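Survey of secondary and tertiary structure
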Amino acid sequence: MKPTNPPKTYRVTSFGCQMNVYAGERMADLLGERGIAPAPQGEEADLVVLNTCHIREKAAEKVYSDIGRLKKPDGTKPMIAVAGCVAQAEGEEIMVRAPAVSMVVGPQAYHRLPDMLDKAVQGERATDTDMPAIAKFGALPQRRRSTPTAFLTVQEGCDKFCTYCVVPYTRGAEISRSYNSLVDEACKLVETGAREITLLGQNVNAWSGEDEAGRAVGLAGLIQALAKIDGLERIRYTTSHPNDMDDALIAAHGEVDKLMPYLHLPVQSGSDRVLKTMNRSHTAESYLRLLERFREARPDIALSGDFIVGFPGETDAEFEETLTLVDEVRYSQAFSFKYSPRPGTPAATMENQIAREVMDERLQRLQASLNRDQLAFNQSLVGKTCDILVERKGKHDGQWLGKAPWLTSVWFTEEDGRSAEIGDLVQVELIEAGPNSLQGAMRKAAIA
Ligand code: SAH
Ligand code: SF4
Ligand code: F3S
């Protein structure tokens, strides 16, 4: 590649899970520290960072079409960096398939983006997909933006090896960041304006550490420590694995007021035979029992999950078992996907791959059930008055969007001269339910 002028503007676009969103924000901070500015709206940047996801084929292929389309106003290509899980899984292939790419930076190496940029300006293409575990976190600059909701990565990686999934290969083994570094980072997030923190990890409830007194603690202990931070009003965590749940975390939902009544707990299938072939190491029954215990600890808890339809060998009857499980749980929201064979995973070479039409039909039926339950959940909230954390302005004057404790989006209007601001916690009466959100009216101004 030819040497070029250093970029003046950047754009970071993140795909995939919230951990990618967190990493994307940190990369933007790093570039900002270098004096590179976010590109103005509607204008392509000098440097584009595509922060990619490898979880399903469609997501992974998208990066190549995106690279093909990138163009600056003068018709030239911007400098391109590919980050995230496609970078990790297909680093060398990207360099061959996409000559326009000058940097490939894996999820464990993104703190080295500025150094790679120096090389790229000299005309050198650079790849860094090492997995040195935790080094990147210490190397990152402080967040400058102050949004009321913030992500905090506490744990990374996965040792579960579900037979369909690439995450153990792209993100490596499970590691936990230290208790002290997390309490520090949470305090800084709150100082810069965060009122809600979502703790992130591919297996967030596998987090473990040692508290100030050197005692071993799990995620519940960390949550209890964060709940003591003044100015932090809400704590959430995602994504959990059924096998890493412990009594303390369940109990925390009944004991810690700041811990929100919401749990995302993927199940994938309602059939024990399918779960076994997926290597999920839980059964439908053990999963349902676990949810029951959460409901006992926190009766109003909203439940969410992930599903895969059309896993190799899934029969009609086994798919029906998934629908039965859904009927039993009544999720407040959920994510459902068609099985996508991923290179290098055991399921990709299993016999009895399911035909696309069968998957389509199963996904439609599953989503009809999930949508029915989501609407019913939203309707069950009508008439309640609850706290809403205000996230942004709506289209109309005096209209705002925020989240209820159950993670439901609520559009509300200011009433009787009370006014709201981004970051306020206000009381809103929920008046009308739609499939994806509720409408409400503000009953009390900022309460904290
Ligand atoms: N660690 C979390 C989430 C991992 S990825 C967990 O264990 O559940 C998010 C979701 O993507 C998964 O829960 C699963 O439903 C889906 N997924 C993962 N691999 C997939 C594949 N090969 N095909 C379709 N969906 C997949
Ligand atoms: Fe993937 Fe399973 Fe690990 Fe979740 S637990 S990240 S689905 S391997
Ligand atoms: Fe995708 Fe990687 Fe997250 S594959 S879902 S970006 S861990």
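Counting restarts for each chain, with residues numbered from 1 along the sequence as it is written. Here the convention is simple: chains get letters from A, ligands get numbers from 1, in the order in which they are written. Residue-level local features of this predicted model are given only where pLDDT is at least 70; pairs of side-chain atoms are given and counted only at 80 or more, and the full residue set underlies all totals for whole chains, interfaces and linings. To get the side-chain values, take all heavy atoms of the structure and skip hydrogens and water.

**Here's the deal with the pairing of strand β19 (residues 409–413)**
With five bridges joining them, strand β18 (residues 399–403) and β19 adopt antiparallel strand pairing. Bridge pairing links Gly-402 to Val-410 in β19. Turn length for the β18-β19 hairpin, with the two strands adjacent in sequence and antiparallel, is five residues, and the turn residue Leu-407 shows positive phi of about 70°. At least two bridges found by DSSP between two strands is the condition for calling them paired. Counting from the N terminus, the helices are DSSP H or I runs at least four residues long and the strands are E runs at least two residues long. When β19 meets strand β21 (residues 437–444), the two strands line up parallel, connected through five bridges. Bridging from a neighbouring strand, Val-410 pairs with Leu-438 of β21.

**Considering the sheet that holds strand β13 (residues 234–238)**
Taking strand neighbours across the sheet as the criterion, the three strands line up as β7-β10-β13 in an open arrangement whose pairing is parallel. The sheet terminates laterally at β7 (149–153) and β13, the two strands that pair on one side only. On average, each strand axis in the sheet is inclined to that of its neighbour by 25°, with strand direction left out of account. Every angle, taken between N-to-C directions, lies between 0 and 180 degrees, and every axis is a line fitted to C-alpha atoms, over only the stretch in contact when it is a helix.

**Focus on the sheet that holds strand β5 (residues 101–105)**
Across a sheet, strands are paired by hydrogen bonds formed along the backbone, either parallel or antiparallel in direction. Reading across from one edge, β2-β1-β3-β4-β5-β6 is the order of the six strands in this open sheet, with parallel pairing throughout. Each edge of the open sheet carries a strand with a single partner, namely β2 (37–38) and β6 (126–128). Relative to β6, β5 runs parallel, the two being bridged by three bridges. In the strand pairing of β6, Met-103 is matched with Ala-126.

**Regarding the pairing of strand β4 (residues 79–83)**
Most of β4 sits inside the fold, with five of its five residues counted as buried. Residue burial is assigned from relative accessible area. The probe radius is 1.4 Å, only protein chains are included, and a residue is buried under 20% of its type maximum, exposed over 50%, and partly exposed in between. Side chains of β4 alternate between two faces, with Met-79, Ala-81 and Ala-83 and Ile-80 and Val-82 buried alike. In the sheet, strand β3 (residues 47–52) pairs with β4 via five bridges, with the strands oriented parallel. Of the residues in β4, the one forming a bridge with Asn-51 is Ala-83. Examined bridge by bridge, β4 and β5 share four bridges and lie parallel to one another. When the sheet's bridge partners are listed, Ala-83 is paired in β5 with Val-105. As for the winding sense of the linkage, the β-α-β connection from β4 through helix α3 (residues 84–97) to β5 is right-handed. Seen with the strands pointing away from the viewer, any crossover whose path from the first strand over the helix to the second strand runs clockwise is right-handed.

**Here's the deal with the site of ligand 2**
Summary of the distance rule: residues count as near a molecule or strand when at least one heavy atom falls within 4 Å of that molecule or strand. Within the structure, ligand 2 sits among Cys-158, Lys-160, Phe-161, Cys-162, Tyr-164, Cys-165, Val-167, Pro-168, Asn-203, His-241 and Arg-280. Residues belonging to the shell around ligand 2 are distributed by class as follows: seven nonpolar, two polar and two charged. Residues were grouped as follows: Ala, Val, Leu, Ile, Met, Phe, Trp, Tyr, Cys and Pro as nonpolar; Asp, Glu, Lys and Arg as charged; and all remaining residues, including Gly, as polar.

**Notes on the site of ligand 1**
Surveying the vicinity of ligand 1 reveals 15 residues, the closest of which are Tyr-164, Gln-202, Gln-268, Asp-306 and Ser-340. We define a polar contact as two N or O atoms separated by no more than 3.5 Å, with the added condition that, inside protein, one atom must be a possible hydrogen donor and the other a possible acceptor, whereas residues neighbouring each other in sequence contribute only through side-chain atom pairs. Residue Arg-56 places a side-chain N or O atom 3.2 Å away from an oxygen atom belonging to ligand 1. Contact distances for ligand 1 include 3.0 Å between a nitrogen atom and a backbone N or O atom of Tyr-164. Of all the elements in the fold, those that place two or more residues in the shell around ligand 1 are β15 (302–309) and β16 (333–338). The source of the domain bounds is an automatic or database domain assignment. Both of domain 2 (142–260) and domain 3 (261–381) provide at least three residues apiece to the shell around ligand 1.

**Quick notes on helix α9 (residues 247–255)**
All of the buried residues along α9 are Leu-249, Ile-250, Ala-252 and His-253. Along α9, the residues classed as buried sweep out an arc of 150° about the axis, all on the same side. Facing away from the buried surface of α9 by more than 90 degrees, the exposed residues are Asp-247 and Glu-255. Close packing links the buried residues of α9 with α8 (219–226), β13, β14 (262–264) and α11 (284–297). In this description, the arc belongs to the directions extending from the helix axis to the C-beta atoms. We call two residues in contact when some of their heavy atoms are within 4.5 Å.

**Side note on the domain arrangement of the chain**
The domain boundaries assigned to the chain delineate domain 1 (9–128), domain 2 (142–260), domain 3 (261–381) and domain 4 (385–444). Averaged C-alpha coordinates put domain 2 and domain 4 at centres separated by 27 Å. Buried area is understood as the total, over both parts, of accessible area removed when two parts are fitted together, assessed with a 1.4 Å probe. Taken together, the two surfaces of domain 2 and domain 4 that pack against each other cover about 750 Å², and 61% of this comes from carbon and sulfur. For salt bridges, the criterion is a side-chain nitrogen of Lys or Arg within 4 Å of an Asp or Glu carboxyl oxygen. Counting across the interface, domain 2 meets domain 4 through zero salt bridges. Put simply, domain 2 and domain 4 have five residue pairs in polar contact (both at pLDDT 80 or more) between them. Its residues assigned to classes, the side of domain 2 that touches domain 4 shows two nonpolar, one polar and five charged.

**Description of the packing of α11 against helix α12 (residues 316–329)**
Orientation of α11 relative to α12, taken along the N-to-C sense of each, is 10°, at an axis distance of 11 Å. The angle between the axes of α11 and α12 places the two elements in the roughly parallel class. Contacts between α11 and α12 involve Ala-284, Tyr-287, Leu-288, Leu-291 and Arg-295 on the former and, on the latter, Leu-325, Glu-328 and Val-329. In terms of residue class, the contact of α11 with α12 is built from six nonpolar, no polar and two charged. Roughly parallel refers to an angle under 35 degrees, roughly antiparallel to one over 145, roughly perpendicular to one between 65 and 115, and oblique to any angle outside these ranges.

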